[in-house]
Number of protein chains: 6
Amino acid sequence: MEKDFSHFDSQGNAIMIDISQKETTSRTAIAKGIISMNADAMNAVLGGTVKKGDVLGVARIAGIMAAKKCASLIPLCHPLNFDKCTIDFKFKKDDSSIEKNEIEAACEIKLTGKTGAEMEALTGVSIALLTIYDMCKALDKTMVIGNIRLYEKSGGKNGLYKQETRINAD
Amino acid sequence: MEKDFSHFDSQGNAIMIDISQKETTSRTAIAKGIISMNADAMNAVLGGTVKKGDVLGVARIAGIMAAKKCASLIPLCHPLNFDKCTIDFKFKKDDSSIEKNEIEAACEIKLTGKTGAEMEALTGVSIALLTIYDMCKALDKTMVIGNIRLYEKSGGKNGLYKQETRINAD
Amino acid sequence: MEKDFSHFDSQGNAIMIDISQKETTSRTAIAKGIISMNADAMNAVLGGTVKKGDVLGVARIAGIMAAKKCASLIPLCHPLNFDKCTIDFKFKKDDSSIEKNEIEAACEIKLTGKTGAEMEALTGVSIALLTIYDMCKALDKTMVIGNIRLYEKSGGKNGLYKQETRINAD
Amino acid sequence: MEKDFSHFDSQGNAIMIDISQKETTSRTAIAKGIISMNADAMNAVLGGTVKKGDVLGVARIAGIMAAKKCASLIPLCHPLNFDKCTIDFKFKKDDSSIEKNEIEAACEIKLTGKTGAEMEALTGVSIALLTIYDMCKALDKTMVIGNIRLYEKSGGKNGLYKQETRINAD
Amino acid sequence: MEKDFSHFDSQGNAIMIDISQKETTSRTAIAKGIISMNADAMNAVLGGTVKKGDVLGVARIAGIMAAKKCASLIPLCHPLNFDKCTIDFKFKKDDSSIEKNEIEAACEIKLTGKTGAEMEALTGVSIALLTIYDMCKALDKTMVIGNIRLYEKSGGKNGLYKQETRINAD
Amino acid sequence: MEKDFSHFDSQGNAIMIDISQKETTSRTAIAKGIISMNADAMNAVLGGTVKKGDVLGVARIAGIMAAKKCASLIPLCHPLNFDKCTIDFKFKKDDSSIEKNEIEAACEIKLTGKTGAEMEALTGVSIALLTIYDMCKALDKTMVIGNIRLYEKSGGKNGLYKQETRINAD
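Described in the following lines is the structure provided in the data block.

Thresholds applied
- Residues numbered from 1 in each chain as written.
- Chains lettered and ligands numbered in written order.
- Predicted model: local features only at pLDDT ≥ 70, side-chain atom pairs only at ≥ 80, totals over all residues.
- Heavy atoms only, no water.
- Helix = DSSP H or I, 4+ residues; strand = E, 2+ residues; numbered from the N terminus.
- Buried < 20%, exposed > 50% of the residue type's maximum accessible area, 1.4 Å probe, protein only.
- Contact = heavy atoms within 4.5 Å.
- Areas by Shrake-Rupley, 256 points an atom, 1.4 Å probe, with all protein chains shown as cover.
- Buried area = accessible area lost by both parts, 1.4 Å probe.
- Salt bridge = Lys/Arg side-chain N within 4 Å of Asp/Glu carboxyl O.
- Polar contact = N/O pair within 3.5 Å; in protein donor to acceptor, adjacent residues only side chain to side chain.
- Pairing = 2+ DSSP bridges.
- Least-squares fit on C-alpha atoms with pLDDT ≥ 70 in both.
- Phe/Tyr/Trp six-rings, centres within 6.5 Å; stacked < 30°, edge-to-face > 60°.
- Lys NZ or Arg CZ within 6 Å of the ring centre and 35° of its normal.
- Core = buried A, V, L, I, M, F, W, Y, C linked by side-chain atoms within 4.5 Å.
- Expected span 1.5 Å × (residues − 1).
- Arc of directions from axis to C-beta.
- Axes fitted to C-alpha atoms, helices over the stretch in contact; angles between N-to-C directions.
- Left-handed = near helix turned anticlockwise from the far one by under 90°.
- Nonpolar A, V, L, I, M, F, W, Y, C, P; charged D, E, K, R; others polar.
- Parallel < 35°, antiparallel > 145°, perpendicular 65-115°, else oblique.

Our focus in this paragraph is the overall build of chain A. Of regular secondary structure, chain A possesses four helices and five strands. In sequence order, chain A lays out its α and β elements as β-α-α-α-β-β-α-β-β. Scored against the burial criterion, the 170 residues of chain A give a buried share of 66%. For chain A, the proportion of contacts with a sequence separation of at least 24, taken over those separated by at least 6, is 71%. Split by element, the accessible area of chain A, about 6000 Å² in all, is 48% carbon and sulfur.

Written out as structure tokens, the structure reads:
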């Protein structure tokens, strides 16, 4: 049996679904994603001090601002206010291989509302990574952004979701 | 010798770089990316008719509209008008494996200006894929977006760039 | 005796009126409007399949996204989040007369808040119809958009309002 | 033979059409539209002085600002800068009939570019009229916006277009 | 002992701070600011009738609309809806001195929420004054905007704050 | 004789003025402004390293992004693309006096177009200073933003303008 979408009505028309009967609860979502780059670009990012230029500082601001714009970017997302937004970065550096230089971005959103914030968190991660891309593209034309996914979600009727295993997006 | 960023001045301050002396030329950029999903979600997307709900039609509009917003999302991007924007989708379906169900999005931008449109194309691809994610997330919580990259670029002083091989992001 | 506006203070200055003392209730609004077009354009819209191009699918998304932007378009509207937004279309086709080919758009908004959503619904209808106009204007330069009006409203201290008779906006 | 849309490719996918080969010329567009209201609302608008509250002044600003946002509202519109934007109002007042009280808004856009500005002008008119609606809705719940249409267009390969006769939208 | 910022975490990363545990209360904020101009510009503004052009009417609308956009302008501001927004102007005119011609703008915001609205009020004042600047700049190139400050704030755990004395900025 | 505004027509209606006949030239604008704060806040800002939190880095990004949004904030500004945008900060620190701790922001815009970029530069400065305010307001409630002014302008028919003397705004 084919499963149906919740974002379309019975005639197949796209809709912003009705959440008026859903409970207002405290909800959180964490999304993650990765950008891989060559050693030149990675070294430049890691040297990011006030002196050298703080790539990740710029990307963090871009990600937070984009999370706030989620409902104007994703057509059927509900407009919603949130209580907290952070973006953190981790590194996996290995000069022996171009593909092993990675920056991981994580965006966490907390809100009190009727629907979750996973799209906001995913939007924050995506734009943060694109901002890193923009600032590094003169040093590496072959960067790739990937593994953008929901990492954790809590609140609402489904309770806690935690990503069990990492799935490759190739 | 450590290479430097073009998006920071000599004191490390982030800047929108000066393109006033660059030549106005015809430029194109194509970016691509992938979302992988389970068979349930894929079947629902592929059944996307007016009756069932046209996921890709919604995602295409979201991607085109987001490409137009690129300069308001990526902090140091120059505001620019463009002449053409398209988003196309391809499928790789294999019911035997959850990871083999993939939708590839490609965004092509054409413009006449002093700087390229690769960030616009990458933004278009990213938001198109996030929109697919949003519409399918009730059917599959483990979707992953990846392999977002520049595929082709032409115009400007660097001429044609074509991605030689596909690099995995993961 | 001349009646006064609520959107101006006693000196005649435009204000966003104070709703802090109003009750938070469940509210709905439905707005409607019409675009009339020639038979060529109408046939092209009605043939709107994935193959031919889904004009109404694009217009629906544009309308929903515009409803979310209402407070940034209408100067004195309060910013508000809503719980549901849908846009539906109906047709009145008569090949014998250029004026009888009509598409009616209806936008329904549901929210929990201190003020109604009629401006959001009217904005959704208006932009949905303008999007149809944009996509059909190569086929008909004489299209007209009209009869944009509040159709139904409920919630708040005034209770249910239902448009009794259809008033012509000529 | 069924005519086709220019905003869809041969597979029926919505596209922002390629204008890169079009000539950059001086272009103008004038759009018009009407709001009809009862005598109470009309009298209040006509009494619009600094003392009473200048409904049309607010609507004019809203319309000009909305014209600038056209490309972010109408999905397949090209982003474009323009050289001039004005919004003017005319009145047709007749206290004997509720339907005869009308305000007509006209928006004129002038630009130097590869594509016309009719959608910008139509957007300016629509939002100006919706702003009047918003400010008058406490005085009249039965207002109707209509007759939104292209009135004149010049520039580009099609030269001058002038609306011959007024077509009723209703 | 050096005091720390609340908008950065312990590693110095910019964050949108967590307000999920804060109480939802009624809050108000009033911000003020001044633009000084020469006598020519001041006379033109003061002559602002419907006939001459209502500079302050335009500035008021710009300020209210900007207050609504605060969270998209100030990176770490929480998105929030508000219940009331007004902008008022006062004059201090003295033809004997170019520096004594001043217009003071005051923006008052009222909201029900977990965080205050002082940034919204300050943004409203700033953009209202910049709009006056824009409209008067052909008459006076030496205008200066200043004394932008929080004037009063109430609600939340800190209770009432009232600016004791006027502090000069410059 | 009273001088008139260029932003109103002969009936006093606000207009976006017609620049279609103006020459496309290279233009620059530099605007400046100041925020004054107490010693606690100043010390915290000056200690702004990646460890402590880079207030000025965040403010710089906010200012550049706001400059790009100028035409959507200032009602009668023409939409325009620009070629360069930078924001720089200087300090005047004096622990002996609360009023002597100042940060000066300067925003420089370069563009090729028919109209100047002074409003863009002034908007960039204003929002950069408001962002500093936002991040420091927990340390000092009495901060004041002032002396926002055009500092230098070149290009167009008026040629170079340089602010002769510093005028106090207060």
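There's more to say after this.
Glancing now at the interface of chain B and chain D. On the side of chain D, 21 residues touch chain B, which itself brings 14 residues to the contact. Carbon and sulfur atoms make up 54% of the area that chain B and chain D hide from each other, which totals about 1400 Å². The largest contributions to the chain B side of the interface with chain D come from B:Lys68, B:Asn81 and B:Asp83, which together make up 36% of the buried area. If you look at where chain B meets chain D, you find two salt bridges.

Contact residues are listed per partner, giving 68 residues for chain C and 68 residues for chain D. Carbon and sulfur atoms supply 63% of the area that chain C and chain D bury against each other, a total of about 6100 Å² over both sides. On inspection of chain C and its partner chain D, the count reaches zero salt bridges. Across the contact surface, chain C and chain D share eight residue pairs in polar contact (both at pLDDT 80 or more). Looking at the side of chain C that touches chain D, the elements with two or more residues in it are strand E1 (25-36), helix H1 (39-46), helix H2 (55-68), helix H3 (70-73), helix H4 (118-136) and strand E4 (144-154) of chain C. Counting residues per element, the side of chain C that touches chain D draws most heavily on H4(C), which supplies twelve residues. In this structure, E4(C) lies alongside strand E4 (residues 144-154) of chain D, joined through two bridges in antiparallel fashion. Counted as the bridge partner of C:Ile145 is D:Ile148 from E4(D).

With that settled, consider the relation of the copies chain B and chain D. For the pair chain B and chain D, the best superposition has an RMSD of 0.0 Å and corresponds to a rotation of 120 degrees with a translation of 0.0 Å parallel to the axis. Here the symmetry operator amounts to a three-fold rotation axis. Rotation axis and chain B: the residue whose C-alpha lies nearest the axis is B:Asn81, separated from it by 4.7 Å. Mapped onto chain D, only 7% of the interface residues of chain B are again interface residues, and the two copies thus contact each other with different surfaces.

A word on the packing of aromatic side chains. Per the stated rule, a full pass over the model turns up zero aromatic pairs over all chains. The positively charged end of B:Lys32 is found above the aromatic ring belonging to B:Tyr151, 3.7 Å away from the centroid.

Expressed as a screw transformation, the operator carrying chain C onto chain D has a rotation angle of 180 degrees and an axial translation of 0.0 Å, and the superposed copies differ by an RMSD of 0.0 Å. Overall, the copies show the geometry of a two-fold rotation axis. Nearest to the rotation axis, the C-alpha of C:Gly146 is located 1.8 Å from it, this being the minimum over chain C.

Moving on: the nonpolar core. Membership of the largest hydrophobic core comes to 341 residues, with the highest contact counts inside it found for A:Ile132, B:Ile132, C:Ile132, D:Ile132, E:Ile132 and F:Ile132. Excluding anything up to four places from it in sequence, C:Ile132 contacts C:Ile35, C:Met37, C:Val55, C:Leu56, C:Ala59, C:Phe89 and C:Ile103.

In total, this model carries 48 salt bridges over all chains according to the counting rule given. The closest approach of N and O atoms between C:Lys92 and C:Glu102, which form a salt bridge, is 3.5 Å. Of this pair, C:Lys92 sits in strand E2 (residues 84-92) while C:Glu102 sits in strand E3 (residues 102-113); the two residues are ten residues apart in sequence, bridging distant segments of the chain. On the basis of relative accessible area, C:Lys92 is assigned to the partly exposed category, the value being 42%. We classify C:Glu102 as buried; its relative accessible area is 6%. A salt bridge links F:Lys114 to D:Asp83; the nearest nitrogen and oxygen atoms lie 3.2 Å apart.

Here the focus is helix H4 (residues 118-136) of chain E. Its 19 residues give H4(E) an end-to-end C-alpha distance of 27 Å, which sits within 8% of 27 Å, the value for a rise of 1.5 Å per residue. With 19 of its 19 residues buried, H4(E) lies for the most part within the structure.

Let's shift gears to unusual backbone geometry. All names here are of chain A. Located in the positive-phi region is asparagine 147, a residue other than glycine, with phi close to 55 degrees. Tracing the backbone shows asparagine 147 in strand E4 (residues 144-154). On the basis of relative accessibility, which here comes to 0%, the residue asparagine 147 falls in the buried class.

All names here are of chain B. All buried positions along helix H1 (residues 39-46) are accounted for by Ala41, Met42, Ala44 and Val45. Axial view of H1: buried residues confined to an arc of 160 degrees, hence all on one face. Residues of H1 that are buried sit in contact with helix H2 (55-68), strand E2 (84-92), strand E3 (102-113) and helix H4 (118-136). The distance from a side-chain oxygen at the start of H1 to the backbone nitrogen of aspartate 40 is 3.2 Å, and the residue carrying that oxygen is asparagine 38.

We now examine the pairing of strand E3 (residues 102-113) of chain E. Residue and element names in this part refer to chain E. Taken across its twelve residues, E3 has nine buried, putting it largely inside the fold. Sheet analysis places strand E2 (residues 84-92) next to E3, joined by nine bridges and oriented antiparallel. Pairing of isoleucine 87 across the sheet is with cysteine 107, part of E3.

For the rest of this paragraph, the subject is the packing of helix H2 (residues 55-68) of chain E against H4(E). Residues and elements named next belong to chain E. Relative orientation of the contacting elements H2 and H4 amounts to 145 degrees, with a least axis distance of 7 Å. When the axes of H2 and H4 are compared, the crossing they make is right-handed. From H2, Val55, Leu56, Val58, Ala59, Ala62, Gly63, Ala66 and Ala67 reach across to H4, where they touch Glu120, Thr123, Gly124, Ile127, Ala128, Thr131, Ile132 and Met135. Residue composition of the contact of H2 with H4, grouped by class: eleven nonpolar, four polar and one charged.

We now examine the packing of H4(E) against helix H4 (residues 118-136) of chain F. Two numbers describe how H4(E) lies on H4(F): the axes approach to 11 Å, and their chain directions differ by 160 degrees. The angle between H4(E) and H4(F) falls in the class roughly antiparallel. In this structure, the crossing between H4(E) and H4(F) has a hand that is right-handed. Mapping the contact onto sequence places E:Glu118, E:Met119, E:Leu122, E:Thr123, E:Ser126, E:Leu130, E:Tyr133 and E:Asp134 in H4(E) and F:Glu118, F:Met119, F:Leu122, F:Thr123, F:Ser126, F:Leu130, F:Tyr133 and F:Asp134 in H4(F). For the contact of H4(E) with H4(F), the class distribution of residues is eight nonpolar, four polar and four charged.

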